[in-house]
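Summary of structural features
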Amino acid sequence: MSDILGKVGENVRIHANVKLGKHVTIGDNTIVYENVEIGNSCFIGPNCILGEPLAAFYHEKDYHNPPLKIGNNSIIRSDSIIYAGSTFGEVFETGHKVTIRECSQFGVHCRVGTLSDIQGYVKVGDYCRFHSSVFVAQTSIIKDYVWLLPHVVLTNDPHPPSDCIQGPTVEEYAVVGAGAIIMARVKIGRDSLVGAQALVNKDVPAYTVVAGVPAKVLCSVHDIKCKEGRLEKPYPWREHYSKGYPWEDEEENVAK
Amino acid sequence: MSDILGKVGENVRIHANVKLGKHVTIGDNTIVYENVEIGNSCFIGPNCILGEPLAAFYHEKDYHNPPLKIGNNSIIRSDSIIYAGSTFGEVFETGHKVTIRECSQFGVHCRVGTLSDIQGYVKVGDYCRFHSSVFVAQTSIIKDYVWLLPHVVLTNDPHPPSDCIQGPTVEEYAVVGAGAIIMARVKIGRDSLVGAQALVNKDVPAYTVVAGVPAKVLCSVHDIKCKEGRLEKPYPWREHYSKGYPWEDEEENVAK
Amino acid sequence: MSDILGKVGENVRIHANVKLGKHVTIGDNTIVYENVEIGNSCFIGPNCILGEPLAAFYHEKDYHNPPLKIGNNSIIRSDSIIYAGSTFGEVFETGHKVTIRECSQFGVHCRVGTLSDIQGYVKVGDYCRFHSSVFVAQTSIIKDYVWLLPHVVLTNDPHPPSDCIQGPTVEEYAVVGAGAIIMARVKIGRDSLVGAQALVNKDVPAYTVVAGVPAKVLCSVHDIKCKEGRLEKPYPWREHYSKGYPWEDEEENVAK
């Protein structure tokens, strides 16, 4: 099957002013709209839409599609839709059926899981991992090395519907457990842990574990133990987990 | 890119007895099955399936696809699947990857967000807004001006699995917060507010705020304040929020 | 529309070494990668991807796509993606936009609902029903006759991120309510009932009802009553519900 790699598939539509880097793969049936730039060695799966036009497209006669840039060595899996006007650093990776709306900025080495819906105007740092079916409301801010586990929801309206929109801020190394909901404007501190199914309506201090509906402080992350005894201290996770992170090679070097 | 508008794209399949209004756009790769009627000035995005056949199609030799009607000035975004047998009033709008099953009725000016799954045999009033990844079980009833926020789930079986199916009823102007689950047969009163992540297993009175797992009454919607002080009274929301609603223009007129 | 059945649609790509049984339907735009075997009388909808390659495909020069086998009389609805390396027993059925990753085993007569995401390396028994937007983490074990209702999440990491991965085990006839989250390594006993929106972080005994965040034991399933009085005893459900189950015909015979 390696004959697919580095080629443009069948039934592909590439609109005007698209720049493809070297050794780019474009899967069958994919549509690339105007002003998209795809970096070297990127893999774009089948049935994707890149450069999806913004809402103004349906109403404005002189609509201009803002540029979409995807960094080198990225993998966009099949059925994903990425709007015009966003920027992704190198080694960006998505699962399938991902939707990312306009005017968002992602740093390098980020991953967005299958069926996630990123609503636009968000800022995401480097090396973030969003798992499956994650929802990130407009204007959310997510710093480096954050984990959002499956079905996490970040909201942005404190009393919907209104125009008082401001997404949460999730700081470095924070981990948000499966199905947790983070309310508008809340700040999740660095190295904190939000329990699965939590409803977080207050700021979470750094290095703190919260859980429940609504979430309450349980303990420090330093107090968490591994029930199976396989890890002495599960948190801060960056002290034992390095897969795909910049400190992975350092450790290997140390190990040598 | 405006050269796409008002045209039928490439690799489109239009089956027998399909009626297209004036100035209809059909995106690339979209499939329109038998007996679909699309109103004037509708935009159907790429990779959609309209008139998806019902379960009987797989078994019955004489299967007849029931009619699907989409009102004028609607926007169906890419990768959405709408079954045969449903009816949508004018200015209907979907996000991407929406699924709406058979024999459902939507009023005018409704919006269904990306990845929502509407299971069929539902009745939805006018000017409803469903956000992302909303699940609406069969036989649910949703009246006018209702908001269902991201990841809301409406269920219909009080002791699954069984044949005692009856979805909830959500009354006018009610707002259901992100990730809330509404149990079978429950009635959500008009102008009420269901908190995010709530599990609602009892009826909610009109103008009432409920929250928690299971949900309990917190206060009247009139008691809710805007923490940032930008709105004197956030609820009833229809007294300050008018974007896209029939009273939007009235207000503008008043302002003049 | 019956002229679609038993045929390969338009714009279909079938790669090398694909085996199609008798009377197989392949919908328009579907891609079938190498080493896929589709049983007799299967219906594969439009826009599907079967035999999606594993992560190694992007890196390994000598990548070999492991075989995917889909049993006789299965229905894979449109926009579904099934990875290489999995096996499905006969009469397997999916909704739309389902994703099932590699090296999973499903028994006979299973159904996976629209937008579900099965992460691979899972074992699923016979006659299981997963509803819409279900997430099943890698290494989960699900025995026969299990129900996972909409938006259920099974996780596999007790302190993410780590390498201590082990999914839950859900035993025969268990029912997991809408939006419930089952934590890593937890065992859900046979014939038990997990309430909607629950967070289950401890084992659930057989025939037991749990609910809440975190979930606590409420009662025996034998204590549950039907509020409408339509069923004397809703649980164990297998004593009154037979639609699509092996005991369906037996009952009919008894009834005669």
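Residues numbered from 1 in each chain as written. Chains lettered and ligands numbered in written order. Predicted model: local features only at pLDDT ≥ 70, side-chain atom pairs only at ≥ 80, totals over all residues. Heavy atoms only, no water.

Some words on the overall build of chain A
Note the threshold: A helix here means a DSSP run of H or I that spans at least four residues, while a strand means a run of E at least two residues long, and both kinds are numbered starting from the N terminus. Values of the radius of gyration come from C-alpha atoms, whereas the globule rule sets the reference at 2.2 Å times the count of residues to the power 0.38. Burial classes follow relative accessibility: with a 1.4 Å probe on protein chains only, a residue under 20% of its type's maximum area counts as buried, one over 50% as exposed, and anything between as partly exposed. A contact between two residues is defined here by any heavy atoms of the two lying within 4.5 Å. Values of accessible area rely on a 1.4 Å probe in the Shrake-Rupley scheme; residue burial ignores everything except the protein chains shown. By the counting scheme adopted, Arg and Lys are positive, Glu and Asp are negative, and His together with the chain ends is not counted. We put the charge of a Lys on NZ, of an Arg on CZ, of an Asp on CG and of a Glu on CD.
Tallying secondary structure elements over chain A gives 1 helix and 30 strands in all. A globule of 256 residues ought to have a C-alpha radius of gyration of about 18 Å, and chain A, at 20 Å, matches this closely. Dimensions along the principal axes, computed over C-alpha positions, put chain A at roughly 55 × 55 × 25 Å. Burial status across chain A gives 61% buried among its 256 residues. A separation of at least 24 residues holds for 23% of the contacts in chain A among residues at least 6 apart in sequence. Of the roughly 9700 Å² of accessible surface on chain A, a fraction of 48% belongs to carbon and sulfur atoms. Of the side chains in chain A, 25 bear a positive and 30 a negative charge, and the two mean positions are spaced by 3 Å.

Thoughts on the sheet that holds strand β2 (residues 19-20) of chain C
Residue and element names in this part refer to chain C. Rule in force here: At least two DSSP bridges between two strands are needed for those strands to be called paired.
If you walk across this open sheet you meet the 9 strands as β2-β5-β8-β11-β14-β17-β20-β23-β26, and the pairing is parallel. Of all strands in the sheet, those bounded by a partner on one side alone are β2 and β26 (187-188). The pairing of strand β5 (residues 36-38) with strand β8 (residues 68-70) spans 3 bridges and is parallel. Looking at β8, one finds that Val36 is bridged to Leu68.

Digging into the pattern of salt bridges
Spelled out, the test is: Salt bridges, as used here, are contacts in which a Lys or Arg side-chain nitrogen is within 4 Å of a carboxyl oxygen on Asp or Glu.
If you walk through the whole model with that rule in mind, you get 30 salt bridges over all chains. One salt bridge connects A:Asp191 with A:Arg238, and the closest N-O pair in it is separated by 2.8 Å. In this pair, A:Asp191 sits in the loop between β26 (187-188) and β27 (193-194) while A:Arg238 sits in the loop between β30 (216-220) and α1 (247-255), placing the two residues 47 residues apart along the sequence. The shortest N-O distance in the salt bridge between B:Asp163 and C:Lys243 comes to 3.3 Å. Of this pair, B:Asp163 sits in the loop between β22 (153-154) and β23 (169-170) while C:Lys243 sits in the loop between β30 (216-220) and α1 (247-255), on two different chains.

Structural notes on the interface of chain C and chain A
Stated formally: Under the rule applied, a polar contact is a pair of N or O atoms within 3.5 Å (in protein, one hydrogen donor and one hydrogen acceptor; residues adjacent in sequence only if both atoms are side-chain atoms). Amino acid classes used here: Ala, Val, Leu, Ile, Met, Phe, Trp, Tyr, Cys and Pro are nonpolar; Asp, Glu, Lys and Arg are charged; the rest, including Gly, are polar.
Taken together, the contact pairs 46 residues of chain C with 43 residues of chain A. The closest approach of N and O atoms between C:Arg13 and A:Asp28, which form a salt bridge, is 3.2 Å. Our count for the chain C to chain A interface comes out at 13 residue pairs in polar contact (both at pLDDT 80 or more). Among the secondary structure elements, those contributing two or more residues to the side of chain C that touches chain A are β7 (49-52) and β10 (81-83) of chain C. Looking at the side of chain C that touches chain A, its residues break down into 22 nonpolar, 16 polar and 8 charged.

Considerations on the relation of the copies chain C and chain A
Selection rule: When the copies are superposed, the least-squares fit takes in the C-alpha atoms of residues with a pLDDT of at least 70 in both.
Overlaying chain C on chain A yields an RMSD of 0.0 Å, the required transformation being a rotation through 120° with an accompanying axial translation of 0.0 Å. In the structure described here, the two chain copies are related by an operation that fits a three-fold rotation axis. Minimal C-alpha separation from the rotation axis in chain C is found for C:Val213, amounting to 4.1 Å.

Thoughts on a nonpolar patch on the surface
The line we're drawing: Two joining distances apply to patches: 9 Å for like charges and 5 Å for nonpolar side chains (Val, Leu, Ile, Met, Phe, Trp, Tyr), and every residue must have over 30% relative accessible area and no salt bridge.
Together, A:Val8, A:Ile14 and A:Leu20 make up an exposed nonpolar region whose accessible area comes to about 220 Å². Structurally, A:Ile14 can be placed in strand β1 (residues 13-14).

Notes on the side chain of C:Ser104
Along the chain, the position of C:Ser104 falls in the loop between β13 (99-100) and β14 (105-106). A distance of 3.1 Å separates the side chain of C:Ser104 from the backbone nitrogen of C:Tyr121, its partner in a polar contact.

Quick look at the environment of A:Leu218
All names here are of chain A. One can find Leu218 in strand β30. The class of Leu218 is exposed, set by a relative accessible area of 57%. Separated by 23 residues in the primary sequence, Leu218 and Gly195 place their C-alpha atoms 9.6 Å from one another. Those residues in contact with Leu218 that sit more than four places away from it in its chain are Val209, Val210 and Ala211.

Observations concerning the sheet that holds strand β16 (residues 117-118) of chain C
Residue and element names in this part refer to chain C. Pairing is parallel across the open sheet formed by 10 strands, whose spatial order is β1-β4-β7-β10-β13-β16-β19-β22-β25-β28. If you trace the sheet from one side to the other, it starts and ends with β1 (13-14) and β28 (199-200), each paired once. Alignment of β16 against strand β19 (residues 135-136), held across 2 bridges, turns out to be parallel. Across the sheet, the residue bridging to Ile118 is Val136, located in β19.

A word on the packing of aromatic side chains
Applied cut-off: Planes of paired rings set the category: under 30 degrees apart is stacked, over 60 is edge-to-face and the rest tilted, where pairs are Phe, Tyr or Trp rings (Trp by its six-membered ring) whose centres lie within 6.5 Å. Our definition puts a charge over a ring when NZ of Lys or CZ of Arg is within 6 Å of the ring centre and also within 35 degrees of the ring normal.
Applying the stated criterion to the full structure yields 66 aromatic pairs over all chains. Summarising the aromatic geometry, the rings of C:Trp237 and C:Trp247 are spaced 6.2 Å apart at their centres and angled 45° between planes, so their arrangement reads as tilted. Of this pair, C:Trp237 sits in the loop between β30 and α1 while C:Trp247 is found in helix α1, placing the two residues 10 residues apart along the sequence. Just as C:Trp237 is buried, C:Trp247 falls in that class too. One aromatic cluster is present, built from ring pairs that chain together A:Tyr127, A:Tyr145, A:Trp147, A:Tyr173, A:Trp237, A:Tyr241, A:Tyr245 and A:Trp247. The aromatic ring of B:Tyr245 is capped on one face by B:Arg129, whose charged end is 4.8 Å from the ring centroid. The side chain of C:Arg238 reaches across the aromatic face of C:Tyr173, ending 4.6 Å from its centre.

Some remarks on the confidence of the model for chain A
Threshold: Known as pLDDT, the predictor's per-residue confidence is scaled from 0 to 100.
Overall, the predicted model of chain A reaches an average pLDDT of 96, with 98% of residues at or above 70. Two numbers describe this predicted complex: its pTM, 0.97, and its ipTM, 0.96.

Some remarks on the interface of chain A and chain B
To keep things clear, this is the line we draw: Defined here as a combined quantity, buried area equals the accessible surface (1.4 Å probe) lost by two parts on assembly, summed across both.
In this complex, chain A contributes 46 residues to the contact, which on the side of chain B involves 43 residues. Carbon and sulfur atoms make up 63% of the area that chain A and chain B hide from each other, which totals about 3500 Å². Where chain A packs against chain B, one counts 4 salt bridges. Among the salt bridges present, the one from B:Glu10 reaches A:Arg13, with a minimum N-O distance of 3.5 Å.

Considering the pairing of β30(A)
All names here are of chain A. Counted residue by residue, β30 has 0 buried out of 5 residues, so it is predominantly exposed. Pairing between strand β29 (residues 208-211) and β30: 4 bridges, direction antiparallel. From the neighbouring strand, Val210 faces β30, where its bridge partner is Val217. Hairpin connection of β29 to β30: 4 residues between the antiparallel strands, including Gly212 at a positive phi of 105°.

Some thoughts on the pairing of β7(C)
Residue and element names in this part refer to chain C. Pairing analysis gives 2 bridges linking strand β4 (residues 31-32) to β7, with the strands arranged parallel. Residue Ile31 lies in a different strand from β7, and its bridge partner there is Ile49. Relative to β10, β7 runs parallel, the two sharing 3 bridges. The residue of β10 that forms the bridge with Leu50 is Ile82.

Here we look at the environment of B:Gly89
Residue and element names in this part refer to chain B. Here Gly89 shows up in the loop between β11 (87-88) and β12 (93-94). Among the residues examined, Gly89 registers a relative accessible area of 15% and is labelled buried. Note: C-alpha distance between Gly89 and Ser242 (153 residues apart in sequence) is 20 Å. Leaving out residues up to four positions away in the same chain, Gly89 has contacts with Gly71, Ser74, Phe106, Gly107 and Val108.

Describing unusual backbone geometry
What is expected of a backbone is that most residues other than glycine have negative phi and most peptide bonds are trans. Omega for the peptide link from B:Tyr235 to B:Pro236 comes to -5°, which places this bond in the cis form. Here C:Pro160 and C:Pro161 are connected by a cis peptide whose omega angle stands at -10°. The phi torsion at A:Asn47 lies on the positive side, around 65°, for a residue other than glycine. Mapped onto the secondary structure, A:Asn47 falls in the loop between β6 (43-44) and β7 (49-52). Note on A:Asn47: relative accessible area 7%, which makes it buried. Notably, C:Arg185 is not glycine yet its phi reads approximately 70°, a positive angle. When you line up the elements, C:Arg185 lands in the loop between β25 (181-182) and β26.

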